[in-house]
Every structure is written in C-alpha cells, then in structure tokens.
2 protein chains.
Amino acid sequence: MNESKHDLGAFIRQQRERANLSLRRLAETAGISNPYLSQIERGIRRPSAEILKRLSRALEISAETLYTRAGLIDEGPNPPTVVEAVEGDQRLTPRQKTVLLDLYRALVEAGDVAETTEE
Amino acid sequence: MNESKHDLGAFIRQQRERANLSLRRLAETAGISNPYLSQIERGIRRPSAEILKRLSRALEISAETLYTRAGLIDEGPNPPTVVEAVEGDQRLTPRQKTVLLDLYRALVEAGDVAETTEE
DNA sequence: ACAGAGTGCTAACACCTGCAAGCAAATGCT
DNA sequence: AGCATTTGCTTGCAGGTGTTAGCACTCTGT
C-alpha cells in the first residue's frame, strides 16, 4: 500500500519503457512472472532484493541504484566504516582485530553520550 | 539447507561476536526478533534486504558488504583501508584517531615481525 | 468479421519470512 | 544453596512474496 515513500515501481516502469520492453518481456528476461512485475510497478508489492537484482540485470542498471531507489540502501556511496576496514585487513590477526574494534567502540561511545540510555 | 552457497549467517555471527554483542542485543539494536536472527545466523532463513539493511547499520558495516555477502550484489567492492576509514570517521576526534592509528600500526608491526602462531 | 497474438491486470494458491511465546542450559547475585 | 537474568534455540502462527491460471482489451492479418 505505502508506495508514497519510494516510487520504486514508477522508476522501474520508466526504465522498462525507456528500453522499449513490454511488461511480459522484461518479466521473462528477469526471470519473474509478469503479473508480479505488474504489481511491483504499481507499488502493490515490494520485491525482495533477489528480484531487484534480476531486474537490475535485465534493465542493465546497477543493483545499487535500484536498492537505493527501493530504500534498501540509505545513502549513495557510504563512507568506509572502521569496522569493516579492520575486518578486511589481512595483516591483522583475529585477536588484534578484536582489540582494535573494542577500543574503537569504546572511543565512539565515549564520544557521543546520547546513544546509551541503559535501563 | 542451502547455506553452502553463501555463508552469510556465519559472517553475520562472526561480525556480531567481533562486536561483543549477544544475539539478543544485536537483534534488539537491529530491530528484529532474536529467534529470527538466530535462524539467520545458522543459515535456516534467508533475510530480506530490509533486514540486512538494519543488520548492517547495527553492525556498522556497509549495506553493500552485506548484500554482496548475501549474493544480492554481484561484484565485490574494494576493501577500504583502516587508515582511510579511521580518518574519515566523523565520530572520532583527531586525538582519538591518533590513538587508534597508533595502535593499529603497532599491531601491524608486531604481526609482521612475529607472524604469530596464535591459536 | 473473425482468429491469433500482444498488451496489462485479477484471482486463488503454495511457500517463506518474520514474530510472539516459551524452552533448557549457563551465568550472576544475595 | 536459591533465585533471577541472560544465553541461544524450537515451536506455532500471521502476513507478505511470488507463482500459475485466467480475465478483458487492442492490434494485426485473412
């Protein structure tokens, strides 16, 4: 019902028409059923990310764009987070990662006090 | 049964334990139920992108990373460097950044020298 | 005019997601 | 010890996702 938040369906339809694809044709290319695509475009149903991935491929637009449009990704290019940077660092042992992240979290929590309202 | 393709659950659990969060705590922070998170971590259920978004926020990792891990985005984004991420973190004061990066470099050097057979 | 194929949409259904309630085993607290 | 809390997990259940059938309409060719 609530498609007022993101007009994902309208966007998909717009992309489809710009590619001169019929609803059935796009559905078949994306590997989903045509009635479902119809409902997606009209905002009746909210497609899962799996479906969005297929649609993005069929429409030849990036998955990020669609996800962002669908409200599944908050902003555009996210700033790299410390947590995943540390996690992805090959030179650190698991224990070292834990130490670093513990410190990081402690620093952040000390920094903004508004977050923790312990009951 | 199909958890062989992507060990998303294991990855999430790994991230959760790295953050020293209990299952219930993460579930609450992410705004999902704890039994469901349990099932996600064990690969029984496949979470929607909406749930993944909340988890990524609670775990402070980018949604792209999680989506990629879940097989919802094809390509893998380049892992950001720790230095880059720390520098770009708005929540840290310059002094805190210095502390973190000092520790980071110390750990890396220690790891390089010893190449510890820890565990 | 009539078939045939194309368009998008509706209806009924199976399946799965995500949740509330409740469980046993650790852990903490007095 | 006893009792409360916390840990992760199992079980039913409501609601949404995505399907196959079939609807009405338009356009084309004969």
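Reading the values: rules and limits
- Just so you know, the residues in each chain are numbered from 1, in the order the chain's sequence is written.
- Chain labels run from A onward and ligand labels from 1 onward, assigned in the order the entries are written.
- Since the coordinates come from a predicted model, pLDDT governs what is reported: local features require at least 70, and pairs of side-chain atoms require 80 or more to be given and counted, while whole-chain, interface and lining totals use all residues.
- Only hydrogens and water are set aside; all other atoms, that is, all heavy atoms of the structure, feed into the side-chain values.
- In these notes, residues near a molecule or strand are those with any non-hydrogen atom within 4 Å of it.
- Side-chain atoms alone can form a polar contact between residues adjacent in sequence; in general such a contact is a pair of N or O atoms within 3.5 Å, and within protein one must be able to donate a hydrogen while the other accepts it.
- Under the scheme used here, helices are H or I runs from DSSP no shorter than 4 residues and strands are E runs no shorter than 2 residues, and both carry numbers assigned from the N terminus.
- Working rule for contacts: check all heavy atoms of both residues, and any pair within 4.5 Å makes them a contact.
- Accessible surface is computed with a 1.4 Å probe, and the buried area is the amount of it that two parts give up when combined, taken over both parts together.
- The term salt bridge refers to a pairing of a side-chain nitrogen on Lys or Arg with a carboxyl oxygen on Asp or Glu at a separation within 4 Å.
- Each residue is assigned to one of three groups, with Ala, Val, Leu, Ile, Met, Phe, Trp, Tyr, Cys and Pro labelled nonpolar, Asp, Glu, Lys and Arg labelled charged, and all others, Gly among them, labelled polar.

*Asks:* Residue-level account of the protein's contact with DNA strand C, with values.
*Replies:* Around DNA strand C, 20 residues are found, and the nearest of them are A:Arg24, A:Ser38, B:Tyr36, B:Arg45 and B:Ser48. Expressed as a percentage, the sugar and phosphate content of the atoms of DNA strand C within 4 Å of the protein is 59%. Contact between DNA strand C and A:Arg24: a base nitrogen at 2.5 Å from a side-chain N or O atom of the residue. Of all the secondary structure elements, the ones that give two or more residues to the surface near DNA strand C are α1 (8–18), α2 (23–30) and α3 (34–41) of chain A together with α3 (34–41) of chain B.

*Asks:* If you had to explain the interface of chain A and chain B to someone new, which residues and values would you point to?
*Replies:* Every contact between the two is made by 41 residues of chain A and, on the other side, 43 residues of chain B. When chain A packs against chain B, the two sides together hide about 3,900 Å² of surface, and 57% of this comes from carbon and sulfur. When the area that chain A buries against chain B is broken down by residue, the three leading residues are A:Leu72, A:Glu84 and A:Arg105, summing to 14%. Where chain A touches chain B, the interface holds 1 salt bridge.

*Asks:* So what's going on with the protein's contact with DNA strand D? Which residues, and what values?
*Replies:* In the vicinity of DNA strand D there are 21 residues, among which A:Tyr36, A:Ser48, B:Leu23, B:Arg24 and B:Arg42 approach most closely. Sugar and phosphate atoms constitute 58% of the interface atoms of DNA strand D, taking the interface as everything within 4 Å of the protein. The separation between a phosphate oxygen of DNA strand D and a polar main-chain atom of A:Arg46 is 3.1 Å. Measuring from a phosphate oxygen of DNA strand D, one finds a backbone N or O atom of B:Leu23 at 2.6 Å. Sorting the residues of the surface near DNA strand D by element identifies α3 of chain A together with α1 (8–18), α2 (23–30) and α3 of chain B as the ones contributing at least two each. The element contributing the most residues to the surface near DNA strand D is α3(B), with 4 residues. For the surface near DNA strand D, the class distribution of residues is 7 nonpolar, 7 polar and 7 charged.

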